[in-house]
Amino acid sequence: MTQNTGRQTIVVHGAWTGPVTDPQRQFSGRVTASDVVDVAKGQDVGVSYAGIPSRVPGAQEHGKYVLKAGGHDLPLASFTCGEASKSAAMGHDDTQPAEWLAVVV
């Protein structure tokens, strides 16, 4: 079930592949719940992160997450792992499958 954040949300079960420092790093998963009309439960999706190329970005500089579902590219306000918020999940390995919450811009 999606969380009531006042925005459209998508819950995805999946994992990241590749090292954190790899600019080609990708997330792959399957939708388990969605408030977005064009994104259905059971649909395969991907998420990528495009960051600022400088090693130490300024306070106003940051990257963005984009969820790709079929022919749609949806910019995300946030993309967080539900497992990482649990107290026992210190040092969560994001390359292991888990539930992730995508909040659409």
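These figures come from a predicted structure and were not determined experimentally.

The rules behind these values
Residues numbered from 1 in each chain as written. Predicted model: local features only at pLDDT ≥ 70, side-chain atom pairs only at ≥ 80, totals over all residues. Heavy atoms only, no water. Salt bridge = Lys/Arg side-chain N within 4 Å of Asp/Glu carboxyl O. Helix = DSSP H or I, 4+ residues; strand = E, 2+ residues; numbered from the N terminus. Buried < 20%, exposed > 50% of the residue type's maximum accessible area, 1.4 Å probe, protein only. Contact = heavy atoms within 4.5 Å.

**Student:** If you had to explain the pattern of salt bridges to someone new, which residues and values would you point to?
**Tutor:** Side chains that carry opposite charge are capable of pairing whenever their charged atoms lie near each other. On inspection of all chains with the given rule, the structure shows three salt bridges. Residue R30 pairs with D44 through a salt bridge whose shortest N-O separation is 2.9 Å. Placement of the pair is R30 in strand 2 (residues 26-34) and D44 in strand 3 (residues 44-50), with a sequence separation of 14 residues. R30 gets classed as partly exposed once you look at its relative accessible area, which sits at 44%. For D44, a relative accessible area of 49% gives the class partly exposed. Put simply, K68 and D73 hold a salt bridge, and the shortest N to O gap is 3.3 Å.

**Student:** How would you summarise the environment of T9 if you had to cite specific residues and measurements?
**Tutor:** Along the chain, T9 turns up in strand 1 (residues 9-17). Using a relative accessible area of 0% as the deciding quantity, one classes T9 as buried.

**Student:** Quick rundown of the environment of V66? Include the residues and the values.
**Tutor:** Mapped onto the fold, V66 is located in strand 4 (residues 64-69). Overall, the relative accessible area of 16% leaves V66 in the buried class. Separated by 19 residues in sequence, V66 and V47 have C-alpha atoms that sit 5.5 Å apart. Excluding anything up to four places from it in sequence, V66 contacts G46, V47, S48, D73, L74 and P75.

**Student:** So what's going on with the environment of K68? Residues and values would help.
**Tutor:** Structurally, K68 is set in strand 4. Given a relative accessible area of 39%, K68 falls into the partly exposed group. Put simply, K68 and V45 are 23 residues apart on the chain and 5.7 Å apart in space, counted from C-alpha to C-alpha. When neighbours within four sequence positions are excluded, K68 is seen to be in contact with V45, G46, S48 and D73.

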